[in-house]
Amino acid sequence: MDIYGKQANEKFCKDCGKNININAEICPFCGCRQMGILGITSGKSKVIAAIFALFLGGLGIHKFYLGKKGQGVLYILFCWTFIPAFIALIEGVLYLIMSDEKFNAKYNNKE
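Quick caveat: nothing in here was measured; it's all calculated off a predicted structure.

Right, let's talk about the overall build of the chain for a bit. The secondary structure content of the chain amounts to 5 helices and 2 strands. Scanning the chain from its N terminus toward the C terminus, one meets helices and strands in the order β-β-α-α-α-α-α. Evaluated residue by residue, the chain yields a buried proportion of 27% over its 111 residues. If you take every contact in the chain between residues at least 6 apart in sequence, the share linking residues at least 24 apart comes to 31%. In the form shown here, the chain has an accessible surface area of approximately 7,600 Å², with 65% of it arising from carbon and sulfur atoms.

The final tally for this structure, using the stated rule, is 4 aromatic pairs. Note on Tyr95 and Phe103: the rings are 6.3 Å apart at their centroids and 80° apart in plane angle, and the pair reads as edge-to-face. Considered together, Tyr95 and Phe103 belong to a single accessibility category, that of buried residues. Their ring planes at 90° and their centres at 6.0 Å tell us that Tyr95 and Tyr107 sit as a pair that is edge-to-face. Linking Tyr95 in helix α4 (residues 83-97) with Tyr107 in helix α5 (residues 100-107), this pair joins segments that are 12 residues apart in sequence. Just as Tyr95 is buried, Tyr107 falls in that class too. Here the aromatic residues Tyr95, Phe103 and Tyr107 are joined through ring pairs into a cluster of three or more. Over the ring of Phe29 we find Lys18, and its NZ or CZ is 5.4 Å from the ring centre. Over the ring of Tyr65 we find Lys44; its NZ or CZ atom is 6.0 Å from the centre of that ring.

Predicted confidence across the chain gives a mean pLDDT of 85, with 86% of residues reaching 70 or more. Across the chain, the secondary-structure element scoring lowest on mean pLDDT is strand β1 (residues 10-12), at 80, and the one scoring highest is α4, at 97.

With that settled, consider α4. If you check α4, its first and last C-alpha atoms are 22 Å apart, about what 15 residues at 1.5 Å a residue would give, namely 21 Å. Here α4 has its buried residues at Pro84, Ala88, Glu91, Gly92 and Tyr95. Seen end-on, α4 carries its buried residues on one side only, within an arc spanning 110°. Away from the buried face of α4 by more than 90 degrees, exposed residues Ile83, Phe86 and Ile97 are located. Turning to α4, the residues buried within the fold contact α1 (46-56), α2 (61-65), α3 (69-77) and α5.

Conventions we followed
Residues numbered from 1 in each chain as written. Predicted model: local features only at pLDDT ≥ 70, side-chain atom pairs only at ≥ 80, totals over all residues. Heavy atoms only, no water. Helix = DSSP H or I, 4+ residues; strand = E, 2+ residues; numbered from the N terminus. Buried < 20%, exposed > 50% of the residue type's maximum accessible area, 1.4 Å probe, protein only. Contact = heavy atoms within 4.5 Å. Areas by Shrake-Rupley, 256 points an atom, 1.4 Å probe, with all protein chains shown as cover. Phe/Tyr/Trp six-rings, centres within 6.5 Å; stacked < 30°, edge-to-face > 60°. Lys NZ or Arg CZ within 6 Å of the ring centre and 35° of its normal. pLDDT = per-residue confidence, 0-100. Expected span 1.5 Å × (residues − 1). Arc of directions from axis to C-beta.

Dropping the structure here:
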């Protein structure tokens, strides 16, 4: 037990402050969803997808990250035309302005 009264396999709920299991996604006391490392819940991150699209989008890395392998292969096949890079630039901006709910519904299959 540490000085805050929690064990090594526990964390504090971000809403109610009670001790919960470190792997808990939902607090059993208040029912609030807990965030993962750096405030990211499990699943695909729209910020990481946007970074991949902006910097490596011409090769389709963001498509592979989001599970769209067929589109990723097309981006690689046509990368010499720079058309995928242009499209990826637009997609990167769209990922950043997309709401978290819409992104999760589309790429993480949750709302």
